[in-house]
Structures are given as C-alpha cells and as structure tokens.
Amino acid sequence: FGSSFLQSGILSVALPKSSSAIMSKAIFDQIEAAVKSKGAELVKMGGAVFQLVISDAGEDGKFCIDLKNGSGATERGEDDKPDVTITMADADFVAMSEGKLDGMQAFMSGKLKISGNMMLAQKLGPILESAR
C-alpha cells in the first residue's frame, strides 16, 4: 500500500505547492523590506492600498501593501478597503514578480484577476521591480 501511494503521484503533486508557497512568502518579505527602507518613495509611485491574494495559499497568501498613507506599510492578511485587489495563483505571482510573466498577458489569459481600480494594478509592476 505504502509504495503504490508514493508512486501514484499524490505526494509529488503536493510538493510543488508547499515549496511554491514559500516562494510567495519570500516575495512578500522582499516587499516588506522595501516598504520599510524606501516607503516614502514607493508611496509616491503607488498612492493606493493594494491587496494581494494568492488563490492557492489560504490565509498565508493574503498580503496588503499600503502605499497611500504616511511612508507606507505592509500587513499580512486582508485590508478592510483596498483600492485594488489582485488575485492570482502562487506560481503565476512568482513568475510575474521575476519578470517571466507579463501582467497584461496574465490578466488577458485569466491568470490574474483584478477587482477595484484596475488602473492602479498597472502601478504594481514597477513597484515590484523596485522591491527586488
């Protein structure tokens, strides 16, 4: 029973998700560090509250970036009234933040969903780049 369970691929399907979720967390950490070090500059670029939702990461996949108030802030979890909410799968978020997936292509193909002010979502790309 045990070896057939492993060979069935159930285990290998679960592994990429867990390692991938860690990758999103690492990007959240980078964004957090960037907001702490150059928040005022990012607030000038952003001027909005961005809610990121990683659709396949549960509660750990919710991250709020406030680039509207003061010198910016980040929060794990959800904001009450974000200006824009961007929802995508973990692997797609990682690919987009690495520059391997174009935001517009991701949106057109349904990999990226936006609610709220769509124009603000376009500001997130340059912000992610400066957070690297």
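See the structure shown above.
All values reported here derive from a predicted model rather than from experimental measurement.

## Some points on the pattern of salt bridges
Here the structure, examined in full by the defined rule, presents 7 salt bridges. In this structure, the salt-bridge partner of Arg-76 is Asp-29, at a minimum N-O distance of 2.5 Å. With a gap of 47 residues between them, Arg-76 in strand S3 (residues 73-76) and Asp-29 in helix H2 (residues 10-46) connect regions that are remote in the sequence. For Arg-76, a relative accessible area of 35% translates into the label partly exposed. Residue Lys-62 pairs with Glu-59 through a salt bridge whose shortest N-O separation is 3.2 Å. Overall, the relative accessible area of 16% leaves Lys-62 in the buried class. A single salt-bridge network, built from bridges that share partners, covers Lys-25, Asp-29, Glu-32 and Arg-76.

## Describing the side chain of Asp-66
Structurally, the position occupied by Asp-66 is in strand S2 (residues 62-67). Separated by 2.8 Å, the side chain of Asp-66 and the backbone nitrogen of Lys-68 make a polar contact. At a separation of 2.8 Å, a polar atom in the side chain of Asp-66 contacts the side chain of Asn-69. Those residues in contact with Asp-66 that lie beyond four places of it in its chain are Ala-48, Val-49, Gly-72 and Ala-73.

What counts and how
- Residues numbered from 1 in each chain as written.
- Predicted model: local features only at pLDDT ≥ 70, side-chain atom pairs only at ≥ 80, totals over all residues.
- Heavy atoms only, no water.
- Salt bridge = Lys/Arg side-chain N within 4 Å of Asp/Glu carboxyl O.
- Helix = DSSP H or I, 4+ residues; strand = E, 2+ residues; numbered from the N terminus.
- Buried < 20%, exposed > 50% of the residue type's maximum accessible area, 1.4 Å probe, protein only.
- Polar contact = N/O pair within 3.5 Å; in protein donor to acceptor, adjacent residues only side chain to side chain.
- Contact = heavy atoms within 4.5 Å.

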